[in-house]
Amino acid sequence: MEMGEAMLLKRLVEYSERLEPQPALYAEIAVRYIVELDSRGCPLSPKPVDTSDPATLRARDGQRRLMPQIQRSSGIKPILFADRAKYTLGITSGSPKREDVKHDEGVRRRHRAYLEMFGRCAEHTRLPQVHAVRRFLENAPLAKLELGEDFVPADRLTFRVDGVFPSDLKPVQRFWADEHDPANSDGKEVQKMQCLVCGETRPVLKRHQMKIKGVPGGQTSGTMIISANAEAFESYGLEASLIAPTCARCGERFTRAANDLLQKEANHFVIDRERGPVFIFWTREPCEFSFRDFLAAPQPEQVRALIESVRSGQNTAAFEANSFYAAALSASGGRVVIRDWIDNTVEQVRANLALWFERQSIIGPCGEPPRPFGITGLARSTVRDLRDLAPAISRALMRSALTGAPLPFDLIYETARRNRAEQGVTHPRAALTKLVMRSQRYRDTTEDTMVSLNAEEQSPAYRCGRLLAVLEQAQRLAIRPKATIVDRFYGAASSSPRLVYPNLLKLARAHLSKLERDNPGARAAIEARIEEITSGIPSFPATLTLEEQGLFSLGYYHQRAHDRAQAKEARAARQAMAEPGNA
């Protein structure tokens, strides 16, 4: 296991100490059926209580309760007070009153194992509630129940004795923990090794007893963060979870911590819930700063306050004393794959976020004040459909936002490709392009000259982008076409300017001639702008590099936003002059 992965497990164990205490090897799971018994083990009602609520996603398979839980991928492993009907009652399908009930040998073995565990539990705990359930299960339980046609044997079933769930009783919880403690096992597979999390030499787990739920791309039953299911992942003769030995206590704690973070909205973030990755993040000490708000849906007021706070150094000491952790997780079958690990201070992460938003700052399509984009908005802008999004894009954006790392120029390829496909530049793609270039310290200057139109920018690529916007405006004013030159030539103009601009300039002369007749003021303004732009282009480049294509898109976007803003101001001025009293 890599050093970063080991640190992730240690930090998760530390986080688990902040969670509410719960019994060992217990987890919140859906339990659909409750069999009500009295102290003698007799049913209070022949029909089990059905706690499912189809109208509620959380209770669709039954009410969620803290119950015994353990990994069960193969073999026979009964789960006390929280198992399915084939273990608990010895049936697999159908109603016990019907002839098609299946009783195969595998089900019989599972039911016997369940009864044997109940016997051990009754002897160890000496609890009357456990003995009541045992008497019920050992005396033809199916004959005493009316399960009905709608009974689902695959759903979990438990018992309540005189209003008490035996699974809630301390002796039962201790028995369950002892039953699955590797130190109490007589099997040959148990080994004592140094736990890589706590550093103590203890019996270690060949297979972890609990799974992580909610990692995209993983099995619905859950995934394991430490696992080797093929020889390629094994080393030094160690297999399964022994490749990174952890004791049962640490294994349960980091699994529980990961599950808690994946369940809390404030501590995880994912764009594609089917493929991932999913990002989890937390701080060493509780912190009121909402990282998810800034990553998922940043608001302009929040971002401005963050930038001002970082610049003024407010609460710096408190934030510097607290640590921030984040991990990117995906899954392959039953295994969790750790794609990234970040360990920093809260103050440094806040500073990185502030810088991230400043780098992407760019005016709106009509000259509106810049608005911030979260990771989802930027990532979505690079694809037609979310299913086409490469996981590496969201990981790169997350790492850049939290660490200040430069974004790869490959992202400009993604934005340029989408610009060509859509024949235009959207606000989020312009922001992403600028973010990439600023993160790469374009021109190595601290002054940000890319928020809005920069008439002093001498790059031929940027000026070619500006020129395309001006030529498009001339065409729109002259003939109002259904498809503009941008709709037809953006791709070629943004990659091979020399091929298209001579013809576009010839076409523009025809448009300017028409404007001379219909709108001479607009014609003069556009012609002056064309001369100003082309004076800085000695010759049209034959091809544009990836970086230059980014500059081209910014030039086009800036010029178009500038022209729209000016047109809006002109309309507002005309309306103001037309109002009574202003004539």
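Structural data are supplied above this passage.
Attention in this report is confined to the structure presented alongside it. Owing to the predicted nature of the structure, the values given are computational and were not obtained by experimental measurement.

Let's shift gears to the overall build of the protein chain. Regarding its fold elements, the protein chain presents 20 helices and 12 strands. A compact globule built from 583 residues would reach a C-alpha radius of gyration of about 25 Å, whereas the protein chain, at 33 Å, exceeds it by more than 25%. Projected onto the principal axes, the alpha-carbon positions of the protein chain cover approximately 100 × 55 × 55 Å. A burial count over the protein chain gives 50% of its 583 residues as buried. Looking at the protein chain as shown, the accessible area adds up to about 28000 Å², and 48% of this sits on carbon and sulfur atoms. Taken as two groups, the 83 positive and 72 negative side-chain charges of the protein chain have centres that lie 3 Å from each other.

Here the focus is the pattern of salt bridges. Oppositely charged side chains can pair when the atoms bearing their charge come close. If you walk through the whole model with that rule in mind, you get 33 salt bridges. The closest approach of N and O atoms between Arg108 and Glu105, which form a salt bridge, is 3.9 Å. Placement of the pair is Arg108 and Glu105 together in helix α3 (residues 105-125), with a separation of 3 residues, close to one helical turn. Given a relative accessible area of 41%, Arg108 falls into the partly exposed group.

What follows covers the sheet that holds strand β10 (residues 278-283). Spatially, 4 strands are ordered β9-β10-β11-β12 in an open sheet, and the strand pairing comes out antiparallel. Of all strands in the sheet, those with a lone pairing partner are β9 (268-270) and β12 (335-345), marking the two edges. Taking each pair of neighbouring strands and ignoring which way they run, the sheet shows an average axis angle of 20°. As paired elements, β10 and strand β11 (residues 323-332) share 6 bridges and run antiparallel to each other. Paired with Val278 across the two strands is Leu329, which belongs to β11. The strands touched by helix α11 (residues 346-360) are β10, β11 and β12; relative to β12, the strand with the most contacts, the crossing angle is about 95°. Lying on the sheet, helix α13 (residues 391-403) is in contact with β9, β10, β11 and β12; it crosses β12 at an angle near 20°.

A full pass over the atoms with the stated rule returns 4 cavities of 30 Å³ or more. Taken as a whole, the largest cavity holds about 70 Å³ of empty space. If you trace the largest cavity, you find it lined by Phe279, Phe281, Ala326, Ala327, Ala328, Asp340, Trp341, Ile342, Arg395, Met398, Arg399 and Leu402. Among the elements of the structure, β10, β11, β12 and α13 are those that each provide at least two residues to the lining of the largest cavity. At 4 residues, the largest contribution of residues to the lining of the largest cavity is made by α13. Grouping the constituent residues of the lining of the largest cavity by class yields 9 nonpolar, no polar and 3 charged. Approximately 60 Å³ is the volume found for the second largest cavity. Along the walls of the second largest cavity sit Val270, Ile271, Asp272, Arg275, Gly276, Pro277, Phe279, Leu389, Ala390, Pro391 and Ser394, which together make up its complete lining.

What follows deals with the sheet that holds strand β3 (residues 49-50). Spatially, the 4 strands line up as an open sheet ordered β3-β2-β6-β5, and their pairing is mixed. Pairing within the sheet leaves two strands with one partner each, and these edge strands are β3 and β5 (83-84). Here strand β2 (residues 33-37) runs beside β3; their pairing, made up of 2 bridges, is antiparallel. The partner of Tyr33 across the bridge, within β3, is Asp50. Contacting β2 and β6 (156-161), helix α4 (residues 128-137) runs over the sheet at an angle of about 125° to β6.

Tracing the sequence through the fold places Thr223 in the loop between β8 (201-204) and α7 (248-263). Given a relative accessible area of 2%, Thr223 falls into the buried group. If near-sequence neighbours (up to four positions away) are discounted, Thr223 is found in contact with Lys211, Ile212, Val215, Gly218, Ala331, Gly333, Gly334, Arg335 and Val336.

Inspection of the secondary structure puts Ser439 in helix α15 (residues 427-439). When neighbours within four sequence positions are excluded, Ser439 is seen to be in contact with Arg359, Pro406 and Leu407.

Attention now moves to the environment of Ala528. By secondary structure assignment, the location of Ala528 is in helix α19 (residues 520-534). Sequence separation between Ala528 and Gln360 is 168 residues; the distance between their C-alpha atoms is 31 Å.

The description of two aromatic rings rests on the distance between their centres and on the angle between their planes. Under the counting rule described, the total for this entry stands at 17 aromatic pairs. Ring geometry for Phe289 against Phe294: centres 5.0 Å apart, planes inclined by 10°, an arrangement best described as stacked. Accessibility expressed as a relative area gives 15% for Phe289, which makes it buried. Each ring, one from Phe294 and one from Phe357, has its centre 6.2 Å from the other, and the planes form 55°; the classification is tilted. Highlighted residues: Phe294 in helix α8 (residues 291-296) and Phe357 in helix α11, separated in sequence by 63 residues.

About the criteria used
- Residues numbered from 1 in each chain as written.
- Predicted model: local features only at pLDDT ≥ 70, side-chain atom pairs only at ≥ 80, totals over all residues.
- Heavy atoms only, no water.
- Helix = DSSP H or I, 4+ residues; strand = E, 2+ residues; numbered from the N terminus.
- Rg over C-alpha atoms; globule rule 2.2 N^0.38 Å.
- Buried < 20%, exposed > 50% of the residue type's maximum accessible area, 1.4 Å probe, protein only.
- Areas by Shrake-Rupley, 256 points an atom, 1.4 Å probe, with all protein chains shown as cover.
- Lys, Arg positive; Asp, Glu negative; His and termini not counted.
- Charge placed at Lys NZ, Arg CZ, Asp CG, Glu CD.
- Salt bridge = Lys/Arg side-chain N within 4 Å of Asp/Glu carboxyl O.
- Pairing = 2+ DSSP bridges.
- Axes fitted to C-alpha atoms, helices over the stretch in contact; angles between N-to-C directions.
- Contact = heavy atoms within 4.5 Å.
- 1 Å grid on protein atoms, 1.4 Å probe; cavity = no way out; pocket = protein on both sides within 12 Å on 5 of 7 lines; lining within 4 Å.
- Points joined across faces, edges and corners; volume = space filled by probe spheres on them.
- Nonpolar A, V, L, I, M, F, W, Y, C, P; charged D, E, K, R; others polar.
- Phe/Tyr/Trp six-rings, centres within 6.5 Å; stacked < 30°, edge-to-face > 60°.

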